[in-house]
There are 2 protein chains.
Amino acid sequence: MVKSFSDKKSLSSSRSLPPSDSRQRVSEFMKGLQDKICAGLEELDGEGNFQEDSWVREEGGGGRSRVLKAGGVFEQGGVNFSEVWGKDLPPSILVQRPEAAGHGFYATGTSMVLHPRNPYVPTVHLNYRYFEAGPVWWFGGGIDLTPYYPFVEDVIQFHQTLKTACDRHHSEYYPIFKLWCDEYFYLKHRQETRGVGGIFFDYQDGTGKLYHGPLAESPAHGQSDAVGELEPRTWEQIFAFVQECGNAFLPAYRPIVERRQGTEWGDRERNFQLYRRGRYVEFNLIYDRGTIFGLQTNGRTESILMSLPPLVRWEYSYQPEPGTPEAALYETFLKPQDWVNWQANS
Amino acid sequence: MVKSFSDKKSLSSSRSLPPSDSRQRVSEFMKGLQDKICAGLEELDGEGNFQEDSWVREEGGGGRSRVLKAGGVFEQGGVNFSEVWGKDLPPSILVQRPEAAGHGFYATGTSMVLHPRNPYVPTVHLNYRYFEAGPVWWFGGGIDLTPYYPFVEDVIQFHQTLKTACDRHHSEYYPIFKLWCDEYFYLKHRQETRGVGGIFFDYQDGTGKLYHGPLAESPAHGQSDAVGELEPRTWEQIFAFVQECGNAFLPAYRPIVERRQGTEWGDRERNFQLYRRGRYVEFNLIYDRGTIFGLQTNGRTESILMSLPPLVRWEYSYQPEPGTPEAALYETFLKPQDWVNWQANS
């Protein structure tokens, strides 16, 4: 049952305790997710293989970065696993989780960005992460799709796969995390979404508050059931949900690659793809929390910036010609849409 | 005479008043500088012409953006003039100039970034700006050079031209503004300078305090004459200095283009140039005050991002081979050096 923000104070703030082997279980899942995704992508790519760099973090922990370059499908793909610990979380996180102040932290996660060569195959991003710090723990993450020449059926199928995964755990997950994704992957200076969205969430700690997004404090949200609160959930429930989301990636993305990989393309499509990749760079360097946090706190730069495309164009004052597929991307796809209930207007 | 920071409290904080026509005089200079630079660059380029977009800012003011695309020398070059006013300066500036709080502001400036096609010709940046807000006014700006395949003689000549311009106004300007440039155009996450530097300054308001850079509060600077304070200077003195700096750009840069433009290059040099251009993008989107401020305050996005290169590469884990010219860039040129007193080690 969803309650509106106006009565959130009446909800219990009791928090389920993680099991004693929580860190091991989550990091095993995150590593396994990296393995499974890499195996699935190599099969899909047909030519390329991931090369792994293991690294150790001086302050505690480490990771394994895997990159596939110049494959059959993927011009570049990176899949990272990391597990780190240390004394203090950065101020940007402590603002959201003040209970963590003064405590050591543990964090583990898997992240991925794929840049296909064929402009008809969309770029895609995945990230799931888990934190423990003193009395608090939480899960976050999401998956989002960034097409250049989008097809409505692909976008619906992608969203529907994520919705099905969410619905197995709670009927409120998909609508709220879909909204949050549209809000988070948004280029304010361009007034464009990064792509066609997907799902995104953060600070899922079982206390019932689902939405901690940019509009959480906006009066409009107090009137919307879509950003309300749930009954408390256990650590096990949320971990099961995150596993389902991680495992939904290949079924959501693989059919799109299989359908579009054979589509012929030329200079026009390539030029537009390289131009649009510039938006990915702009988002990741200007807005993305993970990227900025990583760079400012001496993370492993090469692993953090593995998300950047191998080749990118900028062009002053580019505007798509009206009536073209490029214009359709801007007019229809780079605005939030209710994809699972999509009805063609024509 | 330079005093150390430790006795700055004893210096007068009296501030010279700007003349009644200050705004008009500075904006005329900034517009004239744009004209002069564009004319000089078209002559140097030989093929390309600048195309102008005039724009109006809803909150007050406007500008003229000029872009040269696909020229003989320049793959892309942008030269912007703007003159804007409004109710409030952004918080990031008010921290440095608290006296401006609650007052309207006026700002005018010219900025430029050039991306040559030949990898032997360096990228270069210029920006000069002037602010008035209530009881305060100040000038800021600088010029810095970013080579891909640098030549020591070019770097020395560039710095010597800027030093000569500075020395005509005060012998302390060049050493302090050269240091500030090395500090400001620095990619912390790469531990690299952006290029071989030049000069950079901000908040020059005549009160004698020259250096307001990132290390101003560091104890080490209190012991260094190089970041001390001067006797107060008048508005006219500082404006004359800024004009000299603006006019020094063509003499500093043109000879380098003329010397290197004919150098032959191939895929190796082009690939390295595109890769290194990625650093320019990283700096401008992660660190550059003007870019971030502009994007976050509804500036004209296309004019702000005109500084981004037309084509860019990222490559995971790239390392130059030891003993190559690419390695020399990292080992010698992307570290602060005393260029005007440079002695070859060999």
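Below, the structure is looked at part by part. Counting starts from 1 at the beginning of each chain's written sequence and moves along it residue by residue. Whichever chain is written first becomes A and whichever ligand is written first becomes 1, with later ones labelled in order. Side-chain atom pairs in this predicted model are given and counted only at pLDDT of 80 or more, local residue features only at pLDDT of at least 70, and totals for whole chains, interfaces and linings cover all residues. Calculation of side-chain values draws on the structure's entire complement of heavy atoms; hydrogens and water are dropped beforehand.

Moving on to the overall build of chain A. Helical segments are the DSSP runs of H or I of at least four residues, strand segments are the runs of E of at least two, and each set is numbered from the N terminus. For chain A, the count of helices and strands is 11 helices and 10 strands. As a reference, a globule follows 2.2 Å times the number of residues to the power 0.38, and the radius of gyration itself is taken over C-alpha atoms. A globule of 346 residues ought to have a C-alpha radius of gyration of about 20 Å, and chain A, at 20 Å, matches this closely. Based on the C-alpha atoms only, the size of chain A along its principal axes is roughly 55 × 45 × 35 Å. The protein chains shown are the only cover counted for residues, whose accessible areas, like all others here, come from Shrake-Rupley with a 1.4 Å probe. Summed over its atoms, the accessible surface of chain A is roughly 14,000 Å², and 50% of this surface lies on carbon and sulfur atoms. Taken together, the 36 basic and 45 acidic charged side chains of chain A have centroids lying 3 Å from each other. When charges are counted, Lys and Arg contribute as positive and Asp and Glu as negative, whereas His and the chain ends are disregarded. Charge placement uses NZ in Lys and CZ in Arg. For Asp and Glu, CG and CD serve respectively.

Here we come to the sheet that holds strand β1 (residues 51–56) of chain B. Residues and elements named next belong to chain B. With antiparallel pairing, the 7 strands of this open sheet are ordered in space as β1-β2-β3-β4-β5-β6-β9. What marks the edges here is a single partner per strand, and that holds for β1 and β9 (197–204). Neighbouring strand axes in the sheet, compared pairwise and without regard to direction, differ in orientation by 5 degrees on average. Of the strand pairs in this sheet, strand β5 (residues 123–133) and strand β6 (residues 136–146) are connected by 11 bridges, and their pairing is antiparallel. In the sheet register, F131 faces β6, and the bridge partner there is W138. Residues count as neighbours in contact if any of their non-hydrogen atoms are within 4.5 Å of one another. In this analysis an axis means a line fitted to C-alpha atoms, helices contributing only their contacting stretch, and an angle means the value between N-to-C directions, from 0 to 180 degrees. In this fold helix α3 (residues 152–167) packs onto β5, β6 and β9, with an angle of close to 30 degrees to the strand it touches most, β9. In this fold helix α7 (residues 249–260) packs onto β3 (74–86), β4 (105–116), β5 and β6, with an angle of close to 10 degrees to the strand it touches most, β4. Any two strands with at least two DSSP-identified bridges between them are counted as paired.

Let us look at the relation of the copies chain B and chain A. The atoms used to superpose the copies are C-alpha atoms, taken from residues with pLDDT of at least 70 in both, and the fit is least squares. If you rotate chain B by 180 degrees and push it 0.0 Å along the axis, it lands on chain A with an RMSD of 0.0 Å. Within this description, the copies of the chain are treated as partners about a two-fold rotation axis. Of every C-alpha in chain B, the one belonging to V312 of chain B sits nearest the axis of rotation, 2.6 Å from it. Comparing interface residues between copies, 100% of those in chain B also lie at the interface in chain A; the contact surface is shared.

Residue and element names in this part refer to chain A. For this document, the term salt bridge refers to a Lys or Arg side-chain nitrogen within 4 Å of an Asp or Glu carboxyl oxygen. Here the structure, examined in full by the defined rule, presents 54 salt bridges over all chains. In this structure, the salt-bridge partner of E192 is R276, at a minimum N-O distance of 3.1 Å. Here the residue E192 occupies a position in strand β8 (residues 192–193), and R276 occupies one in helix α8 (residues 267–286), the gap between them amounting to 84 residues. An identical accessibility class is assigned to E192 and R276; each is buried. Accessible area is worked out with a 1.4 Å probe on protein chains only. A residue is then buried under 20% of its type maximum, exposed over 50%, and partly exposed in between.

Listed per partner, the contact involves 33 residues of chain B and 33 residues of chain A. Remark: the boundary between chain B and chain A carries 2 salt bridges. A salt bridge links R190 of chain A to E302 of chain B; the shortest N-O distance between them is 2.9 Å. A 3.5 Å cut-off defines polar contacts: any pair of N or O atoms within that distance qualifies, except that in protein one atom must be a possible hydrogen donor and the other a possible acceptor, and neighbouring residues in sequence count only when both atoms are side-chain atoms. Taken together, the links from chain B to chain A amount to 15 residue pairs in polar contact (both at pLDDT 80 or more). Where the side of chain B that touches chain A is concerned, the elements lending two or more residues are β2 (61–69), α8 (267–286), α9 (289–296), α10 (301–304) and β10 (311–313) of chain B. The residue classification treats Ala, Val, Leu, Ile, Met, Phe, Trp, Tyr, Cys and Pro as nonpolar and Asp, Glu, Lys and Arg as charged. All others, Gly included, are polar. Tallied by class, residues from the side of chain B that touches chain A come to 16 nonpolar, 8 polar and 9 charged.

Time to look at the pairing of β4 of chain B. Residues and elements named next belong to chain B. Burial runs high along β4: 11 of the 12 residues are buried. Across 12 bridges, β3 lies against β4 in antiparallel orientation. Across the sheet, the residue bridging to F81 is T110, located in β4. Strand direction decides the pairing type here: β4 and β5, joined by 10 bridges, are antiparallel. Its bridge partner being in β5, F105 is matched across the sheet by A133. Here β4 folds back onto β5 in antiparallel fashion, the turn holding 6 residues.

Below, the discussion takes up the side chain of D202 of chain A. Residue and element names in this part refer to chain A. For D202, the location among the structural elements is in strand β9 (residues 197–204). Within the structure, the side chain of D202 is placed 3.1 Å from the side chain of R289, a separation counted as a polar contact. Those residues in contact with D202 that sit more than four places away from it in its chain are R129, W138, F139, G140, W180, L210, H212 and R289.

Residue and element names in this part refer to chain B. Secondary-structure assignment places D288 in the loop between α8 and α9. Although D288 is buried, it forms no salt bridge, and the closest oppositely charged side chain is R194 at an N-O distance of 5.4 Å. At 3.4 Å, the side chain of D288 forms a polar contact with the side chain of Y184. Setting aside residues no more than four positions away along its own chain, D288 makes contact with Y184 and F283.

With that out of the way, let us pick up the packing of aromatic side chains. Within a pair of aromatic rings, the relevant descriptors are the distance that separates the centres and the angle that separates the planes. All names here are of chain A. Pairing of aromatic side chains requires ring centres within 6.5 Å, counting the rings of Phe and Tyr and the six-membered ring of Trp. Pairs whose planes differ by under 30 degrees are stacked, by over 60 edge-to-face, and all others tilted. Overall, the coordinates contain 66 aromatic pairs over all chains when judged by the stated rule. Ring geometry for F139 and W235: centres 5.9 Å apart, planes at 55 degrees, overall tilted. Residue F139 is located in strand β6 (residues 136–146), and its partner W235 is located in helix α6 (residues 235–247); the two are separated by 96 residues in the primary sequence. Across this residue pair, the class does not change: F139 and W235 are buried. Through a chain of ring-to-ring contacts, three or more aromatic side chains come together here, namely Y128, Y173, F177, W180, Y184, F185, F200, F201, Y211, F241, F283 and Y287.

Coordinates in, geometry out; function isn't part of it.
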